[in-house]
Amino acid sequence: MGIRGIYRFYRDGFRRMTLGRTLWYVILLKLVIIFAVLRVFFFTPHLQGTDEQKSRAVAEELTNRH
């Protein structure tokens, strides 16, 4: 049983799924929603402006840490 056999095993298993396929769709949908929400609300871009302004802001943040 080589790589082809393993591939066929999983391919046929996913084709025969009924409830499992629905559960995978729900899991993937939840992941997309979670990451979209996290990106919008928690990972907003704090550095705005030109490259020079960004580098100055990063340098100040690194040197003024407490």
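The shown structure was predicted, so the numbers you read here are calculated from the model rather than taken from an experiment.

Quick notes on the packing of aromatic side chains
- In this structure the tally under the stated criterion is one aromatic pair.
- Arranged with centres 5.3 Å apart and planes meeting at 85°, the rings of F9 and Y10 form a pair that is edge-to-face.
- Here F9 falls in the exposed class, since its relative accessible area comes to 54%.
- Looking at Y10, the relative accessible area reads 49%, which means it is partly exposed.

Considerations on the pattern of salt bridges
- Scanning the entire structure with this criterion turns up two salt bridges.
- A salt bridge links E52 to R56; the shortest N-O distance between them is 2.9 Å. With E52 and R56 both in helix α3 (residues 51–63), this residue pair falls four residues apart, about one helical turn.
- E52 gets classed as exposed once you look at its relative accessible area, which sits at 54%.
- What makes R56 partly exposed here is its relative accessible area of 42%.

Section: the environment of K54
- Mapped onto the elements, K54 comes out in helix α3.
- Residue class for K54 comes out partly exposed when judged on its relative accessible area of 30%.
- When the C-alpha atoms of K54 and L19 are compared, they prove to be 50 Å apart, with 35 residues separating the residues in sequence.
- Not counting residues within four places of it along the chain, the set of residues in contact with K54 comprises L47, Q48 and G49.

Concerning the environment of H46
- Inspection of the secondary structure assignment puts H46 in the loop between α2 (19–42) and α3.
- Residues H46 and A57, eleven residues apart in the sequence, show an inter-C-alpha distance of 10.0 Å.

Criteria and thresholds
Residues numbered from 1 in each chain as written. Predicted model: local features only at pLDDT ≥ 70, side-chain atom pairs only at ≥ 80, totals over all residues. Heavy atoms only, no water. Phe/Tyr/Trp six-rings, centres within 6.5 Å; stacked < 30°, edge-to-face > 60°. Buried < 20%, exposed > 50% of the residue type's maximum accessible area, 1.4 Å probe, protein only. Salt bridge = Lys/Arg side-chain N within 4 Å of Asp/Glu carboxyl O. Helix = DSSP H or I, 4+ residues; strand = E, 2+ residues; numbered from the N terminus. Contact = heavy atoms within 4.5 Å.

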